[in-house]
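Notes for the structure review
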Amino acid sequence: LDNYYLFYWFQLAAKAGLLEPYFTGTTIKHLTGKAIAALEVPLPPIWVQRAMVDVLKQLDDRITLLRETNATLEAIAQALFKSWFVDFDPVRAKMEGRTPEGMDEATAALFPDGFETSELGEVPRGWRVETLGTACSYLNRGLSPKYTETGGILVLNQKCIRDFSVNYSKGRRHDPQQRKVEGRELVVGDVLVNSTGVGTLGRVAQVLLLPEAAIVDSHVTILRTGSSLSWPYLGQFMARKQPEIEAMGEGSTGQTELSRTKLANIPILVPSEAVLRIFDDVTIPLKERVAVNETRAQTLAALRDTLLPRLISGQLRLPEAEALIEEATA
């Protein structure tokens, strides 16, 4: 038995409901050691197991590389945001008579050379403080969907929002004939915030691409920039705020809610239009690369999940699986 083969079999068994007959307990279902020992696992010859693992790990390794690359790109964007809009490094450098590090004179000239007092403390002179409620042109929960198995419009839920990215494969379908969606469709740059539940409340992600028209359900809040902010700036701000937002829920255990009012009252620093434009010039290409990589990762994950049951059941031969992978990664 190859350990990786066993790992992939457990993934398949969990998704296909093969473990359900072995669960015990009512309130919290679980697998006992005795139940696990009784599991029947199909065992092809060891060389076949290892060949399957090589195919599936090839996909997992590519997915991991894409997501590690995205983590690096996001870290670059966040580091720039922190330097310019949290630590105010360019402003401090100018106050000390220095040229800001890694910045040409034209860009440095866009930053003020001093601070003024605000409700957020010392902020660069000429920049102002607003709230998310005034800085966003749209700040609302989604609708309660009328689900359909076919057709309809993609509706994103809390499961779709994790690790600052949106997983469209976990969405469901809403029937717009039963409940209208006009004015509720997502646009690129929207920030999504999980707004109910313990463990999910406060998670933040930004819409960087839309493979199709989509909405969100009533457990998710949408924030959309207004005229004073750019969407890359709002996305980086909300990502930094996630720990704070996670602690803003109210209500009893298991029924925690994040109110729209609390989100709307969060203060946000609004830099000058010229500085925002330069920030966008740097970060939008990074975000575009993140979107492409995430799309590729989700495509490869879907292929892996399609190949897994067919490989283990013997319905798909290894050369056919390898051909499909080569086609998907070409």
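Preceding this paragraph is the structure being described.
Keep in mind that what you see is a predicted model, and the values were worked out from it rather than measured.

Calculation criteria
- Per chain, the residues get numbers from 1 upward, laid out in the order the sequence is written.
- In view of the model being predicted, local features appear only for residues whose pLDDT reaches at least 70, and side-chain atom pairs are presented and counted only at 80 or more, with totals across whole chains, interfaces and linings using the full set of residues.
- For side-chain calculations, the full set of non-hydrogen atoms in the structure is used, while hydrogens and water are omitted.
- The patch calculation keeps residues exceeding 30% relative accessible area without a salt bridge and links them within 9 Å when they carry like charges or within 5 Å when they are nonpolar (Val, Leu, Ile, Met, Phe, Trp, Tyr).
- The Shrake-Rupley method, run with a 1.4 Å probe, gives the accessible areas here. Residue values count only the displayed protein chains as cover.
- Any Lys or Arg side-chain nitrogen located within 4 Å of an Asp or Glu carboxyl oxygen qualifies as a salt bridge.
- Positive charges are assigned to Lys and Arg, negative charges to Asp and Glu, while His and the chain termini are left out of the count.
- Throughout, a charge is located at the NZ atom of Lys, the CZ atom of Arg, the CG atom of Asp or the CD atom of Glu.
- In this description a helix means any DSSP run of H or I spanning at least four residues, a strand means any run of E spanning at least two, and both kinds are numbered starting from the N terminus.
- Categorising residues by exposure relies on relative accessible area from a 1.4 Å probe, with only protein chains included: less than 20% of the type maximum marks a residue as buried, more than 50% marks it as exposed, and the intermediate range marks it as partly exposed.
- Pairing between strands is defined by DSSP: at least two bridges between the two strands are required.
- Throughout, an axis means a line fitted to C-alpha atoms (over the contacting stretch in the case of helices), and angles, computed between N-to-C directions, take values from 0 to 180 degrees.
- Pairs of residues are marked as contacts when any of their non-hydrogen atoms sit within 4.5 Å.
- Note on angle classes: values under 35 degrees are labelled roughly parallel, values over 145 roughly antiparallel, values of 65 to 115 roughly perpendicular, and the remainder oblique.
- Ten residues, namely Ala, Val, Leu, Ile, Met, Phe, Trp, Tyr, Cys and Pro, are considered nonpolar, four, namely Asp, Glu, Lys and Arg, are considered charged, and the remaining ones, Gly among them, are considered polar.
- Aromatic pairs are defined between Phe, Tyr and Trp rings, using the six-membered ring for Trp, whenever the two ring centres lie within 6.5 Å; interplanar angles under 30 degrees are classed as stacked, those over 60 as edge-to-face, and all others as tilted.
- Side-chain atoms within 4.5 Å are what join buried Ala, Val, Leu, Ile, Met, Phe, Trp, Tyr and Cys residues into a set we call a nonpolar core.

1. Side note on a positive patch on the surface
On the surface, a cluster of positive charge is contributed by Lys159, Arg162, Lys170 and Arg172. Tracing the backbone through its elements, the reader meets lysine 159 in the loop between strand S5 (153–156) and strand S6 (161–162). With relative accessibility at 62%, the residue lysine 159 sits in the exposed group.

2. Looking at the sheet that holds strand S9 (residues 191–194)
The four strands are arranged S4-S12-S9-S10 in an open sheet whose pairing can be described as antiparallel. The open sheet is flanked by strand S4 (136–141) and strand S10 (204–206), the only strands paired with a single partner. Taking the axes of each pair of neighbouring strands and ignoring which way they run, one obtains an average angle of 20 degrees across the sheet. The sheet contact formed by S9 and S10 spans three bridges and is antiparallel. If you follow valine 191 over to S10, its bridge partner there is glutamine 206. Sitting on the sheet, helix H7 (residues 231–246) is in contact with S4, S9, S10 and strand S12 (220–225), with an inclination near 170 degrees to S10.

3. Notes on the packing of H7 against helix H9 (residues 273–313)
Where H7 contacts H9, the axes come no closer than 8 Å and their chain directions differ by 75 degrees. Relative to H9, the element H7 is oriented roughly perpendicular. Residues Trp231, Pro232, Tyr233 and Gln236 of H7 touch H9, and the partners they reach there are Leu276, Phe279, Asp280, Thr283, Ile284 and Lys287. Classifying every residue of the contact of H7 with H9 by side-chain character gives six nonpolar, two polar and two charged.

4. Regarding the sheet that holds S5
Taken in spatial order, the three strands of this open sheet run S8-S5-S11, and their pairing is mixed. What marks the edges here is a single partner per strand, and that holds for strand S8 (172–174) and strand S11 (214–216). Mean inter-strand twist for the sheet, computed between neighbouring axes without regard to direction, equals 45 degrees. Sheet topology places S5 next to S11; three bridges connect them, and they run parallel. The partner of leucine 154 across the bridge, within S11, is alanine 214.

5. Looking at the packing of aromatic side chains
Under the defined criterion, the tally for this structure stands at 15 aromatic pairs. Between phenylalanine 85 and tryptophan 127 the ring centres are 5.9 Å apart and the planes differ by 45 degrees, which places this aromatic pair in the tilted class. Taken as a pair, phenylalanine 85 in helix H3 (residues 46–85) and tryptophan 127 in the loop between strand S2 (121–124) and strand S3 (128–131) lie far apart in primary sequence, 42 residues in all. Judged on exposure class, the residue phenylalanine 85 and its partner tryptophan 127 are both buried.

6. Concerning the pattern of salt bridges
Taken as a whole, this structure holds 17 salt bridges when the rule is applied. For arginine 125, the salt bridge goes to aspartate 113, with nearest N and O atoms at 3.1 Å. On the criterion of sequence distance, the pair formed by arginine 125 in the loop between S2 and S3 and aspartate 113 in the loop between helix H5 (105–108) and strand S1 (115–118) is long-range, its members being 12 residues apart. On the accessibility criterion, arginine 125 (41% relative accessible area) is partly exposed. For aspartate 113, a relative accessible area of 46% puts it in the partly exposed group. Close ionic contact of aspartate 190 with arginine 224 constitutes a salt bridge, the shortest N to O distance being 2.8 Å. Remark: arginine 224 occurs in strand S12 and aspartate 190 occurs in the loop between S8 and S9; sequence separation between them is 34 residues. Taken together, the shared-partner salt bridges in this structure form one network comprising Lys15, Asp60, Arg304 and Asp305.

7. Comments concerning the nonpolar core
Membership of the largest hydrophobic core comes to 38 residues, with the highest contact counts inside it found for Leu132, Leu223, Tyr233, Met238 and Ile245. Secondary structure elements with two or more residues in this core: H3, helix H6 (132–135), S4, S9, H7, helix H8 (260–264), strand S13 (267–270) and H9. At five residues, H7 tops the list of elements feeding residues into this core. Excluding residues within four positions of it along the chain, tyrosine 233 makes contact with Phe81, Phe85, Ile268, Leu269, Pro271, Leu276 and Phe279. With 28 residues, the next largest nonpolar core counts Tyr5, Ile63, Ala301 and Leu307 among its residues.

8. Brief notes about the pairing of S5
Residues of S5 alternate between two faces, with Ile153 and Val155 on one and Leu154 and Leu156 on the opposite face, all of them buried. As paired elements, S5 and S8 share three bridges and run antiparallel to each other. Among the inter-strand pairings, leucine 154 is bridged to a residue of S8, identified as arginine 173.

9. A word on the environment of proline 176
With respect to the helices, strands and loops of the structure, proline 176 is situated in the loop between S8 and S9. Residue classification places proline 176 among the partly exposed positions, given a relative accessible area of 24%. Distance in space between the C-alpha atoms of proline 176 and tyrosine 147 is 9.3 Å, their sequence separation being 29 residues. If sequence neighbours within four positions are ignored, proline 176 has contacts with Gly152, Ile153 and Val181.

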